[in-house]
Amino acid sequence: MVANRQKPILDDAIDRIDNPALRRLIESEVEKLRGSRTFGLLFDRHMPEAARLSNHPVRKGVTVALRDESSTDTWTVERFTSTVRAVAVLDDGSERPVSDLVVVRAFGDPVYPGLRSVERIERTPGQPWHTVINGENYHVLQALKSAHLGKIDLIYIDPPYNTGSDSWIYNDRYVDANDRTRSSKWLSFMERRLLIARDLLKPTGVIIVAIGDDEQHRLRMLLDQVFHPQNFISNIVWQGGRKNDSRYVSNGADYMLVYAKNEEALTQAEIEWREKKPGVDEALDKAAEIWAATNGDHAEATKRWRAWIKDFKKTGVASDAVTRFVSLDADGRPIRTDGNLTSPNPRPNLQYDLLHPRTRKPVPMPPNGWRYSRETMSDLVERGLIHFGPTETSGVGGISRLEEMNSQVPESVFVRDRNASSARLTEILGAKRFPNPKDPDVLMRWIALAAPDDAVILDFFGGSGTTTEAVLRLNAEDGGTRRSILVTNNEVGAKQAKALRKAGHHPGDPDWNAWGVFEYVTRPRISTVVTGKRPDGSVYSDGMSANVEFFDLHYLDPGTVRRGREFAAIAPLLWLEAGATDERIGEPTESGWALTGRYGVLFDTDATVRFAEAVTKAVLDGTDIRVCFVVTDSDTAYERALSRLPQGVPVKRLYEDYLTNFEINTQGGA
Ligand SMILES: C[S@@+](CC[C@H](N)C(=O)[O-])C[C@H]1O[C@@H](n2cnc3c(N)ncnc32)[C@H](O)[C@@H]1O
C-alpha cells in the first residue's frame, strides 16, 4: 500500500503493539518527543553539577559530600554524636568525622556568591582594572549577570575539549572517557554557560569558542541553537603543527567557532573586520626610502623597488596582496596597474570608445564592455587611476595604490606553530606548569579584529591567563583601553591530586589549593607579565602599565552572616558594574551614602537628599557617574530616591538583605 510505504517506521511499529493501553502510552510519549524535536542537535540534558561550599559550616539539616571527592554520594546531616559536633550522623545511619565532609548545594538550592580580593597590582592609577576570578565559572557567570548583562563586547573561550584525558593540570575528563553519555554531559555543561554568555554580550557582541576535533561538530550545532545559524560568522581553522606519527592524517588543527550575538546589529553599525596586510608598513617605508635615495629618478627607483620586492617575496613576510604592487607612480608610491576593467555582463551603457591619451585611438573594448560607465571612467582617467601602455594595443588596467589598499579581511585558515606558546609560558613561569596554552599573538590578532579598542573582553575558561596577557599587550601596542575579565577554576591535575590525597590533603586545603590552575599558573603568570618580576624575584621584563586585581569566588552562608555585614563580599560586583575604575566602596558608611568618580551607593534612604545633591554636583562637574545603587526594601523610599537623582544616571535597587540580590543556582538549569 502506497500510504504504508510513507508511514514512519516508528508509527508502523506502534501499530503492531497488541496491548491497547501500552500502544496508547507509547503513542503519546512519541508525540511528545516529536513536538520537542528540532532539526539540529538532540542530546539528553543533564542537571548542573552541585556546588561545593568548602568554607560553610556543617550543620544539622545541610547536604554534605565527601571532602576528598572519592565518591559522588551526598547525605543529609541528621545530628551530631556530641555537643562538640566533631562527628556527624548522616541520613543513612552512618557516622562520619565532620572534617571529612563538605557542604554541597544541589541545583535549585540558592547559593550566594561573593568576591574576595586576593591581590591587587596597581601600576597605572586612574585606569580601569583587569580582573581575574578564581571560581566555578557557572556561578561566576551568574554573579556577573547583574553587573554585565548586555555589556560585554567579546567573549573568547577555550573550554576543555572533552578528549577524556586526565593527564593535565586541568582535567579534560570533565566526563569519564568511557561514559556513553560523555558528549551529552559535556554539551549540557557547555549549553548552560553559553546561554548566560549570550545574555552578557552587547547586541554587537561576538563570541569566539576554541575547540578540537572531538566536539567541534557537536559544538557548532549547539552554537547554532544558542546563537542561531544566521549569526554564524566563521569556523576558523588554526593549523598548529604536524603529527607525523599519525596513522592516516596529521590532525594538527584547532578550530575557532565565531558567532555574533546579532549579525544584523553588526551590519547596522557598519562593522567590518579588516587588518593590515602583513608586510605593508615595511614595503611602504622601503618605497619611500628608495624614492629619496634616487632623488625621484623614476626608472632607477622602479628598478630598485622591483629588486627589493623580489627579495621580500622570499622572506615569506608579505603575501601577494603586497608584493603585486610592483610599479611606482609619478611620486614614487607603490601601485599595481592591472586592475580588471572588464564588465562581467554586457550592458549598453558600458559599451563606448576609450581613447588612448597619447595616440587618441580607441583601446580595444572587452567583449562585454567596460567595467565602469563613461563618466566614471573619464573621472578615473583624469585622476590618474587608469594605466595605459605605450600604444592603444598594449593593454589597459586600473591603478590602485598600496597605501590605500593596505588592509584585508582575515582568512578563515591560518598556520602557526603551537609549540611556541608553550615555550613562552615556560619562560614566564620559569617551569612547564600548563599544557598547550593558547598563543597570545593569535589572540591579539583576533581580539583586535573582533572588538573595539575600548572593549570589555571576557574569558570564562581562562586557564593560564593567555587572554589577559593578550589584552594587556594589545593595549600596550595600540594605546587601547580594553578591559579583560578572566575566570578560571583552581583545579588540580589528576596525578597531582592523587599525590596530594596520599599525603593526606583534601580539596580546599591550602596545600591542595597551591597546586591548582589559578594559584600555580594563572596568578603567577599574569602577575609576572604585569610587574615584570617572577614570584621568585627574578626579572622577566620591564612590566606593563596596567592594573590587575585577583579575586576568589566564595559562597556566603546566609545563616552565619549578620544582615548588612555581607556588603564587603558583593562590593566588588558593584564596582565591576560601574566599570572597575577608580576606588571601590567597600563598606557601608556612617553618613549613609558614598560616591566615587564612577558610582554611588545610598545605604540609608534618610540620606537621600544629601546623596542626590552630591551626585547632581558630580554630574554637573562632568564626572562620569555610571550607576547609583539604592539600598532599600521600601518601594516608596526607592521611588523618592529615583525622583531626586539626576536623569540620565542609571539607578539600581538593592535589597537590604544584600545576599538576595545575588542569589544564584536556582534558575537557568537544564
Ligand atoms: C583548555 S583550558 C584553557 C586554556 C587557556 N586558553 C590558556 O591559554 O591557558 C580550560 C581551562 O578551563 C578551566 N575550567 C574547566 N572547567 C571550568 C569551570 N567549570 N569553571 C572554571 N574554570 C574551568 C580549566 O581549569 C582549564 O584551565
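Residues numbered from 1 in each chain as written. Predicted model: local features only at pLDDT ≥ 70, side-chain atom pairs only at ≥ 80, totals over all residues. Heavy atoms only, no water.

Draft legend 1. Region of interest: the packing of aromatic side chains. Counting across every chain of the model gives 15 aromatic pairs. Note on Phe-567 and Phe-603: the rings are 5.0 Å apart at their centroids and 80 degrees apart in plane angle, and the pair reads as edge-to-face. With Phe-567 in helix α18 (residues 567-577) and Phe-603 in the loop between β24 (599-602) and α19 (608-620), this pair connects stretches of sequence that are 36 residues apart. In this structure Phe-567 comes out as buried when scored by relative accessible area, which is 0%. Pairing Tyr-599 with Phe-629 gives two aromatic rings, centres 6.2 Å apart and planes at 85 degrees, and the pair type is edge-to-face. Separated by 30 residues along the polypeptide, Tyr-599 in strand β24 and Phe-629 in strand β25 (residues 627-631) bring together distant segments of the chain. Among the aromatic residues, those joined into a cluster by ring pairs are Trp-129, Phe-551 and Trp-575. Cation over ring: Arg-120 sits above Trp-129, and NZ or CZ is 4.3 Å from the ring centre. Here the guanidinium or amino end of Arg-192 rests over the ring plane of Tyr-138, the centre of that ring lying 5.8 Å away. (Phe/Tyr/Trp six-rings, centres within 6.5 Å; stacked < 30°, edge-to-face > 60°. Helix = DSSP H or I, 4+ residues; strand = E, 2+ residues; numbered from the N terminus. Buried < 20%, exposed > 50% of the residue type's maximum accessible area, 1.4 Å probe, protein only. Lys NZ or Arg CZ within 6 Å of the ring centre and 35° of its normal.)

Draft legend 2. The arrangement of a nonpolar patch on the surface in detail. Taken together, Leu-22, Leu-25 and Ile-26 make up a surface patch of nonpolar side chains, about 240 Å² in accessible area. In this fold, Ile-26 is placed in helix α3 (residues 20-36). (Patch = residues over 30% accessible without salt bridge, like charges linked within 9 Å, V, L, I, M, F, W, Y side chains within 5 Å. Areas by Shrake-Rupley, 256 points an atom, 1.4 Å probe, with all protein chains shown as cover. Salt bridge = Lys/Arg side-chain N within 4 Å of Asp/Glu carboxyl O.)

Draft legend 3. Fine view of a negative patch on the surface. A grouping of Asp-73, Glu-78, Asp-91 and Asp-92 is seen on the molecular surface, where their side chains present a negatively charged patch. Looking at where Glu-78 falls in the secondary structure, it is placed in strand β3 (residues 74-80). (Lys, Arg positive; Asp, Glu negative; His and termini not counted. Charge placed at Lys NZ, Arg CZ, Asp CG, Glu CD.)

Draft legend 4. Up close: the pairing of strand β26 (residues 651-654). Direction of pairing for β25 relative to β26: parallel, over a ladder of 4 bridges. Paired with Phe-629 across the bridge in β26 is Lys-652. Assessed by its sense of winding, the connection that carries the chain from β25 through helix α20 (residues 635-644) to β26 is right-handed. (Pairing = 2+ DSSP bridges. Right-handed = clockwise from strand over helix to strand, strands pointing away.)

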